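Each chain, written out:
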Amino acid sequence: MKKIFSLLFCLLLLLINPLILSAAQSEPEISAPSVLLMDADTGTVLYAKDEETERPLASVTKVMTLLLIFEALDAQQISLNDTVTVSEHAASMGGSQVYLEAGETQTVETLIKCIVIASANDASVAMAEYISGSEEAFVEQMNEKAAALGMEHTHFVNACGLDADGHYSCALDIALMSRELTVNHPDIFDYTSIWMEDITHHTSKGDTLFTLSSTNKLLKQYEYATGLKTGSTSQAKFCLAATATKDDVNLIAAIMAAEDSATRIADAISLFEWGFANCRVLADENTDTLGDIPVTGGTDKNLAIQYSGAFRYLDTTGSSEELTKTLSLPESLEAPIAEGETVGKAVYTLGDTEVGEIEIIAAESIPELTLRDAAAQIFHLLFLGKS
């Protein structure tokens, strides 16, 4: 009887354990009131909690400041080696700072390091003034960019994140601007990965060394962390825009109003672990060669074709099915055909579910055959033996 009972108990455990595991992975354990987890590559929201509530965001504001800095670099409006002179206004910033003095000079790259590593308010305002002429003008650009990104629950009053009336965002909007920065300006990770670095203050009194120490403790506590920006004030409490990468999955976590720094770190790790456990990237680089398509009525008889790009799909279903690709192409085409014109598609399925497609395009142009072209072809065929 005992053997039968033991056997039944073991069978029960086998049935229950997968259910317990499934329940454990159904949602991450979160303490902060507002959080959001996003796949960086696709913008897919994987988990959200009170994600549109408007709250102070402290120095996470600097994600937008950095975004505008990197856009100015890309536009060649400024360069990393430019020399910036610190104003009285920038030097007067309170809160987290690197103690820049009025009249001090620093390069753009050094000020970026001060912003990213040490969350320096003085460096943020110095860069805002250098790019736009004044902090007020820069803040206008910040709000214009927020509107362009669809950040409907965000309004900036300053460039650094000090508490101010009307300065707020939400977890969703923080993820949106973090994605814009990291996906379009991946060089940011050259700075967010720095734990400690020395800079030199260049002032009228001489040069002195100053050590920048990262405010992002997640870098030391989570092996897959890559950035991005911390923030804390009395009103905002503890906020974090965090990024992490594992097995080609790139995630962004936004955390707002955590009670303390340890809580925001724990929430970020919980979100990332849940995300990595429940997501996998299925990709096709589309490097295989496609055959030509016959063409009628054109100066050439065959058209070279190619994929418009690679395919990437984020699977969150837990499926073990493999990605399959089916080509949909016409038997022939009629000229004229323009280079880049869509001529077919590659359709991707996961099991029985279609999950996306990539266009197949013309790799060249084929003009329509004119009477002169036809006459030339006949001449070559009859007299030169060529078609």
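Reference entry: report on the structure contained in this document. (Residues numbered from 1 in each chain as written. Predicted model: local features only at pLDDT ≥ 70, side-chain atom pairs only at ≥ 80, totals over all residues. Heavy atoms only, no water.)

## Concerning the nonpolar core
- One finds L66, I69, I112, M127, F156 and M177 to be the most contacted residues of the largest nonpolar core, which totals 65 residues.
- Examining the composition of this core, we find that nine residues originate from one element, helix α2 (residues 62-74), more than from any other.
- What M177 contacts, discounting residues up to four positions off in sequence, is L57, V60, V63, M64, L149, M151 and F156.
- Counting 26 residues, the second-largest nonpolar core is a separate cluster that includes L37, A225, I255 and F272. (Core = buried A, V, L, I, M, F, W, Y, C linked by side-chain atoms within 4.5 Å. Buried < 20%, exposed > 50% of the residue type's maximum accessible area, 1.4 Å probe, protein only. Helix = DSSP H or I, 4+ residues; strand = E, 2+ residues; numbered from the N terminus. Contact = heavy atoms within 4.5 Å.)

## Considering empty space enclosed by the protein
- Applying the stated criterion across every chain yields a total of one cavity of 30 Å³ or more.
- The volume enclosed by the largest cavity comes to roughly 50 Å³.
- Taken together, V116, T192, S214, T215, N216, L219, G227, L228, K229 and T230 make up the full set of residues lining the largest cavity.
- The dominant element in the lining of the largest cavity, judged by the number of residues it contributes, is strand β7 (residues 225-233), at four residues.
- Per-class residue counts for the lining of the largest cavity are three nonpolar, six polar and one charged. (1 Å grid on protein atoms, 1.4 Å probe; cavity = no way out; pocket = protein on both sides within 12 Å on 5 of 7 lines; lining within 4 Å. Points joined across faces, edges and corners; volume = space filled by probe spheres on them. Nonpolar A, V, L, I, M, F, W, Y, C, P; charged D, E, K, R; others polar.)

## Remarks on the environment of V295
- Relative to the elements of secondary structure, V295 occurs in strand β11 (residues 293-296).
- Separated by 40 residues in sequence, V295 and A335 place their C-alpha atoms 6.6 Å apart.
- The contact partners of V295, leaving out residues within four places of it in the chain, are D300, K301, N302, L303, L333, A335, I337 and I366.

## Some thoughts on the pattern of salt bridges
- The full count for this structure, using the stated rule, is 11 salt bridges.
- Across the pair D39 and R312 runs a salt bridge whose closest N-O atoms are separated by 3.4 Å. With a gap of 273 residues between them, D39 in strand β1 (residues 34-39) and R312 in strand β14 (residues 311-315) connect regions that are remote in the sequence.
- Its relative accessible area of 0% is what places D39 among the buried residues.
- In this structure, R312 engages D41 in a salt bridge whose closest nitrogen and oxygen atoms are separated by 3.0 Å. (Salt bridge = Lys/Arg side-chain N within 4 Å of Asp/Glu carboxyl O.)

Any functional reading would require information that these geometric values do not contain.
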